[in-house]
Amino acid sequence: MTTPVSELLREYQGYVLAYRLRRAVGGRVAPAREQLTLAQYAALRLERQDLARSLIRRGMGSGQMRRLDDLSDELMFGFWLNPAEVAAFLRAAIREGSHPRWATRPPSPRC
């Protein structure tokens, strides 16, 4: 089964948006590394996919499992699809003192 390129590009776009959000908030939610290029993201995504496939087929040791978790975190895999992940991010953003963008409110409607 092949994933359409448009879907893979949307996944990378989600990574970039999550990366920028975390970088803007900073503190504990800031990404540990620089933003990945599309090629770097694709290479790490393939590595993560191979590790996940290995987990299902053969199981894996703690080192490989840690690598799978690290890749999932770095790629922000599932950030937008996992409500618990988004909620944890928002709680951390609030703990970090938020960001000026969070403080802005849309103008109130005038009657």
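Given the structure is predicted, the values throughout are model-derived calculations rather than measurements.

1. Some thoughts on the pattern of salt bridges
Working step 1: Summed over the entire model, instances satisfying the criterion amount to five salt bridges.
Working step 2: Here E11 makes a salt bridge to R45, at a shortest N to O gap of 2.6 Å. Residue E11 is located in helix α1 (residues 5-25), and its partner R45 is located in helix α2 (residues 38-58); the two are separated by 34 residues in the primary sequence.
Working step 3: Note on R45: relative accessible area 17%, which makes it buried.

2. What about the packing of aromatic side chains?
Working step 1: Inspection of the entire model under this criterion finds six aromatic pairs.
Working step 2: Note on F79 and W80: the rings are 4.7 Å apart at their centroids and 90° apart in plane angle, and the pair reads as edge-to-face.
Working step 3: The class of W80 is partly exposed, set by a relative accessible area of 40%.
Working step 4: Measuring from ring centre to ring centre gives 5.5 Å for F79 and F89, while their planes differ by 75°; the resulting arrangement is edge-to-face. Placement of the pair is F79 in the loop between α3 (62-74) and α4 (83-95) and F89 in helix α4, with a sequence separation of 10 residues.

3. Focus: the nonpolar core
Working step 1: Core analysis: the largest hydrophobic core is formed by 20 residues, its most contacted members being Y15, L36, Y41 and M76.
Working step 2: Take this core: its biggest share by element is six residues, from α1.

4. Regarding the packing of α2 against α3
Working step 1: It is at 10 Å that the axes of α2 and α3 come closest, and there the two elements cross at 140°. Taken together, the axis directions place α2 and α3 in an arrangement best described as oblique. Considering the relative orientation of α2 and α3, their crossing is left-handed. Residues L44, E47, R48, L51, A52 and L55 of α2 lie in contact with α3, whose contacting residues are Q64, M65, R67, L68, L71, S72 and E74.
Working step 2: A per-class count over the contact of α2 with α3 returns seven nonpolar, two polar and four charged.

5. With respect to α1
Working step 1: For α1, spanning 21 residues, the distance from its first C-alpha to its last is 30 Å, which sits close to the expected 30 Å at 1.5 Å a residue.
Working step 2: Inspection of α1 places Y12, G14, Y15, V16, A18, Y19, R22 and V25 among the buried residues, and these make up the whole buried set.
Working step 3: Of the residues flanking the end of α1, it is G26, one or two places downstream, whose phi is positive at about 75°.

6. Observations concerning the side chain of E74
Working step 1: Within the fold, E74 resides in helix α3.
Working step 2: Residues contacting E74, with those up to four places away along its chain left out, are Y15, R33, L36 and L44.

7. Details of unusual backbone geometry
Working step 1: Non-glycine residue M76 carries a positive phi angle of around 55°.
Working step 2: If you trace the backbone, M76 turns up in the loop between α3 and α4.

About the thresholds
- Position labels on residues start from 1 in each chain and follow its written sequence.
- Two thresholds apply to this predicted model, a pLDDT of at least 70 for residue-level local features and 80 or more for giving and counting side-chain atom pairs, whereas whole-chain, interface and lining totals are computed over all residues.
- In computing side-chain properties, one takes all heavy atoms of the structure into account and sets aside hydrogens as well as water.
- Only one rule defines a salt bridge in this text: a Lys or Arg side-chain nitrogen within 4 Å of an Asp or Glu carboxyl oxygen.
- Helix and strand labels come from DSSP, where a helix needs a run of H or I of at least four residues and a strand needs a run of E of at least two; each type is numbered from the N terminus.
- For each residue, the accessible area found with a 1.4 Å probe, counting protein chains only, is set against the maximum for its type, and the residue is called buried under 20%, exposed over 50%, and partly exposed in between.
- Aromatic pairs are defined between Phe, Tyr and Trp rings, using the six-membered ring for Trp, whenever the two ring centres lie within 6.5 Å; interplanar angles under 30 degrees are classed as stacked, those over 60 as edge-to-face, and all others as tilted.
- Joining through side-chain atoms within 4.5 Å is the link that ties buried Ala, Val, Leu, Ile, Met, Phe, Trp, Tyr and Cys residues into a set, and such a set is a nonpolar core.
- For helices, the axis comes from a line fit to the C-alpha atoms of the stretch in contact; other axes are also lines fit to C-alpha atoms, and the angle between any two N-to-C directions lies between 0 and 180 degrees.
- For classification purposes, an angle smaller than 35 degrees is called roughly parallel, one larger than 145 roughly antiparallel, one from 65 to 115 roughly perpendicular, and anything else oblique.
- Handedness of a helix crossing follows the sense of rotation of the near helix relative to the far helix, less than a right angle counterclockwise being left-handed and clockwise being right-handed.
- Here a residue-residue contact requires only that any non-hydrogen atoms of the pair lie within 4.5 Å.
- As a working rule, the residues Ala, Val, Leu, Ile, Met, Phe, Trp, Tyr, Cys and Pro are called nonpolar, Asp, Glu, Lys and Arg charged, and the rest polar, with Gly in that last group.
- The length a helix should cover is 1.5 Å for every residue beyond the first.

It is worth stressing that arrangement in space is one thing and function is another; only the former is reported here.
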